[in-house]
Every structure is written in structure tokens, then in C-alpha cells.
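Summary of the model geometry
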Amino acid sequence: MTVPRNEFGLLGIGIAAAAALATLPLFTEGFWLSLGVNIMLYAAMCTAWTLFSGPTHLVSLASAAFFGVGTYSVAVFIDVLPFPALVLIAIGAGALLAVLVGLATLRLSGVYFVIFTLGLAELIGQVVTWVQTKFGGAIGLYVFTDFTESHLYWMLLVLTMVVFVTGWLINRSRLGLAMRIIGNDETVARHVGVDTARSRIILFAVSGAFIAVAGAIMAPRYAYITPQAAFSPMTSFLVVIMALLGGTRRLWGPLVGVVPFTLVMDFISGRFPNHTALIVGMTFLAIVYLLPDGVTGRLESLFRRRDRPKDNGVLPVTATVEDSQ
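The structure contained in this document is the topic of the report that follows. Everything quoted here is computed from the prediction, not taken from an experiment.

Here we take up the overall build of the protein. Along the backbone of the protein there are 16 helices and two strands. In terms of overall size, the protein behaves like a compact globule, its C-alpha atoms giving a radius of gyration of 22 Å where 325 residues would be expected to give roughly 20 Å. Across its three principal axes, the protein shows a C-alpha extent of roughly 95 × 50 × 45 Å. Burial status across the protein gives 42% buried among its 325 residues. Taking the contacts inside the protein whose residues are at least 6 apart along the sequence as the reference set, 80% of them involve residues at least 24 apart. When the accessible area of the protein is evaluated, it comes to approximately 17,700 Å², of which 68% is carbon and sulfur surface. For the protein, the centre of its 19 positive side-chain charges and the centre of its 16 negative side-chain charges are spaced 4 Å apart.

And the structure:
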């Protein structure tokens, strides 16, 4: 696989940025470190979401389902298995759930796919609540570990880097090409021999597995996990809003939306806790109508318009030569 020369420069910038970000817990703690954990969490989740929804243009609201499965993978087995094993269980659970959802939604697209994925988290949350009430006698599980905010931050930073590398490899593979064709026109993709169902399921499984790992990493932070918190629909909406705000045309696009929106959400939730859901909904509508391609998409459109040759009324040279003959 040949790598364009300019991407070596981007790789160096990425490594330097990751190294600089890794030093954050060494210089601060408390509020700013907690905010850094939130930013890194949504950086990983939004980028993982973009792996699937970016090329396919299918808006998935299943992030809360994958995230909840990851947190409960840790909560259920934390007393009997080491944490690395729990992360592997979260990967398998997230991928399996994504495959099952993919098989159930092969013929769905557009708003039908959105509605199905939105109801998925609520369905799983209700099932978990029923199981815990019926057989456990209480709703929720305790998660006690020795992890600090610094540990969670570093693990999420590594996860974000792994998601980026995976996305970079996928974009340069046959699967990435197939997904771009599917996103442009699924009918054309079938005619040229692309197995659309298989491609969608594979990429959806990769995306779901990464989001489940994010949930597994965050489980120790909550200490006591309930279905309402683990499978909260707000998680899905925040992931979509941040990714769409930044833009999904580029793998790094969601980062443009994650950082400012996380800061704004921290301010809103602290000042207006009873109106957070309303503000999130209004923000979602505003982004869809005003910035359908996100900030990065709008900037790319402006740059292309600026670089486009202007029509100053002068005929092209070829036309002038033909007229002279």
C-alpha cells in the first residue's frame, strides 16, 4: 500500500499532538482533567461513529446501545476477570450487537434506520432493567477499581488513536472504497458487484465495537451503573450532534465539533440543568438545517469557491484559435 508523501507530515503532526495531549494529567487535575476525559471520550466515540455513518450517510442513533453494552460488560464481570479481559468482552459484545442490528436493518435506510437504532438502546435498557429486577432484586451494579481520572484519560487517548489508525487503513482498503460507492448510490454499488449488506455489517461492527470499548473504559468512573445511565438516549444524540457539527467528510472532522461543543455542554448543564435536553434538541435542528456538511464541509466549500477561476468575459485560447481559422 503506497502512502502519499504529504500524509507522512500529517502522521508526524498526529503523533506530536497525541504526545502533547498525553501530558495533560501531569499538569492539571480536578475540573480540567475531568473535562479532558469528556472531550477524549467523545473524540473516540464520534470518530468511531463517523467510520460507519460518514461514508454511508446513514445516521445511527445506536451509540447509546453500544456504550451501555460496554459498561455492563465491565459491571457484570468486574469481580471475576481482569480489566483487559473485560475490554475484549466489550469488543465482542459490541461487534455482535452491531452484526445483529445490521442483519435486522439490511433493507432499512433513511428515517427508518434512524428510528430503529434510536429504539434499540431503549429496548436493551428495558430488558436489562427487567432482568436485574427479576433475578437480581435491585437495579444497577457497582464497579470498584483503582483507576483514576488520569488512567481513564490515557486509555481513552489510546482508544482514539487506534480508531484513527483503523479509519485510515479502512479508507485505503477495498472496504473503504465499497462504502464510499454505497454512500453515493447503493443501487450502483450493487450493479458493480459490491456486496452492500456484507460491507455495511462489517463496518457497523467495527464502529460498534469501538464505542463499546469507550463504555467499558468509562464504567469505573460511574462506580454505580444503572440501565438509565448506561443506555441514555442523550449519549446517542450528543455523538451525532458533535460529529455533524464538525463534519463527516474527513475522519478528523468530528474533532472540530467535539471540543467546542463539550465546553458549551459543560456550561449549559451546569447553568441550566433542567433545560439541557431542550437545548440539545434545538442545537441538533440548527446544525441539520444550517450546517448539513458541518464546519469542515462548509470551509472546504468556501475554499473551492475561492480557488475556482473567475469568468472575466475573456474567451478561452482554444476558442480564439478556432475562430481565427
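For histidine 57, which is not a glycine, the phi torsion comes out positive at approximately 60°. You can see histidine 57 is positioned in the loop between helix 3 (31-56) and helix 4 (63-77).

Once that is clear, we can look at the pattern of salt bridges. Taken as a whole, this structure holds one salt bridge when the rule is applied. Across the pair glutamate 149 and arginine 221 runs a salt bridge whose closest N-O atoms are separated by 3.1 Å. Placement of the pair is glutamate 149 in helix 7 (residues 149-171) and arginine 221 in helix 10 (residues 196-222), with a sequence separation of 72 residues. Residue glutamate 149 is classed as partly exposed on the basis of its relative accessible area of 25%.

Glancing now at helix 13 (residues 253-271). Here helix 13 spans 28 Å end to end across 19 residues, near enough to the 27 Å set by a 1.5 Å rise per residue. Residues of helix 13 that are buried: Gly253, Pro254, Gly257, Val258, Phe261, Thr262, Met265 and Ile268.

This brings us to the packing of helix 3 against helix 7. One way to put it is that helix 3 packs onto helix 7 with a least axis distance of 9 Å and a crossing angle of 20°. Considering the angle they form, helix 3 stands roughly parallel to helix 7. Between helix 3 and helix 7 lies a crossing whose hand is left-handed. Residues Leu33, Ser34, Gly36, Val37, Met40, Leu41, Ala43, Ala44, Thr47, Ala48 and Leu51 of helix 3 lie in contact with helix 7, whose contacting residues are Glu149, Ser150, Tyr153, Leu156, Leu157, Leu159, Thr160, Val163, Phe164 and Gly167. In terms of residue class, the contact of helix 3 with helix 7 is built from 14 nonpolar, six polar and one charged.

Here the focus is the nonpolar core. Grouped together as the largest cluster of nonpolar side chains are 81 residues, with contacts concentrated most on Leu41, Tyr42, Val74, Leu97, Leu156, Leu159 and Phe204. The residues touching phenylalanine 204, leaving out its near neighbours within four places in the chain, are Phe52, Ser60, Ala62, Phe66, Ala98, Val101, Gly102 and Phe113.

In this model, the second largest pocket occupies a volume close to 380 Å³. If you list the elements that add at least two residues to the lining of the second largest pocket, you get helix 3, helix 10, helix 12 (233-246) and helix 13. Across the lining of the second largest pocket, the residue classes tally to 11 nonpolar, six polar and two charged.

With 22 residues, helix 5 (residues 83-104) should cover 32 Å at 1.5 Å per step; its first-to-last C-alpha distance of 31 Å lies within 8% of that length. Looking only at helix 5, the buried set comprises Phe83, Leu86, Val87, Ala90, Gly94, Leu97, Ala98, Val101 and Gly102. Axial view of helix 5: buried residues confined to an arc of 145°, hence all on one face. Opposite the packed face of helix 5, turned more than 90 degrees from it, sit the exposed residues Pro84, Leu88, Leu96 and Leu103.

So, about a nonpolar patch on the surface. Residues Leu123, Val127, Trp130, Val131 and Phe135 make up a contiguous nonpolar surface patch of about 550 Å² in total accessible area. Following the sequence through the fold, phenylalanine 135 ends up in helix 6 (residues 111-136).

Once that is clear, we can look at the environment of glycine 270. Following the sequence through the fold, glycine 270 ends up in helix 13. Take glycine 270: its relative accessible area is 52%, and that puts it in the exposed class. Residues glycine 270 and threonine 71, spaced 199 residues apart in sequence, show a C-alpha to C-alpha distance of 25 Å.

Considering all chains together, one arrives at 10 aromatic pairs under this definition. Where tryptophan 130 meets phenylalanine 135, the ring centres are 5.9 Å apart and the plane angle is 85°; that geometry is what we call edge-to-face. Per residue, the accessibility class of tryptophan 130 equals that of phenylalanine 135, and both read exposed. Ring centres 4.6 Å apart and planes at 55° place the aromatic pair tyrosine 142 and tyrosine 224 in the tilted group. Note that tyrosine 142 is positioned in strand 1 (residues 141-142) and tyrosine 224 in strand 2 (residues 224-225), a separation of 82 residues in sequence. For tyrosine 142, a relative accessible area of 54% gives the class exposed.

Let us look at the packing of helix 4 against helix 5. Close contact between helix 4 and helix 5 brings their axes to 9 Å; oriented N to C, the two are set at 145°. Here helix 4 runs over helix 5; the crossing is right-handed. Counting all contacts with helix 4, which are made through Ala65, Phe66, Val69, Gly70, Ser73, Val74 and Phe77, the residues of helix 5 involved are Phe83, Leu86, Ile89, Ala90, Ala93, Gly94, Leu97 and Ala98.

The rules behind these values
Residues numbered from 1 in each chain as written. Predicted model: local features only at pLDDT ≥ 70, side-chain atom pairs only at ≥ 80, totals over all residues. Heavy atoms only, no water. Helix = DSSP H or I, 4+ residues; strand = E, 2+ residues; numbered from the N terminus. Rg over C-alpha atoms; globule rule 2.2 N^0.38 Å. Buried < 20%, exposed > 50% of the residue type's maximum accessible area, 1.4 Å probe, protein only. Contact = heavy atoms within 4.5 Å. Areas by Shrake-Rupley, 256 points an atom, 1.4 Å probe, with all protein chains shown as cover. Lys, Arg positive; Asp, Glu negative; His and termini not counted. Charge placed at Lys NZ, Arg CZ, Asp CG, Glu CD. Salt bridge = Lys/Arg side-chain N within 4 Å of Asp/Glu carboxyl O. Expected span 1.5 Å × (residues − 1). Axes fitted to C-alpha atoms, helices over the stretch in contact; angles between N-to-C directions. Parallel < 35°, antiparallel > 145°, perpendicular 65-115°, else oblique. Left-handed = near helix turned anticlockwise from the far one by under 90°. Nonpolar A, V, L, I, M, F, W, Y, C, P; charged D, E, K, R; others polar. Core = buried A, V, L, I, M, F, W, Y, C linked by side-chain atoms within 4.5 Å. 1 Å grid on protein atoms, 1.4 Å probe; cavity = no way out; pocket = protein on both sides within 12 Å on 5 of 7 lines; lining within 4 Å. Points joined across faces, edges and corners; volume = space filled by probe spheres on them. Arc of directions from axis to C-beta. Patch = residues over 30% accessible without salt bridge, like charges linked within 9 Å, V, L, I, M, F, W, Y side chains within 5 Å. Phe/Tyr/Trp six-rings, centres within 6.5 Å; stacked < 30°, edge-to-face > 60°.

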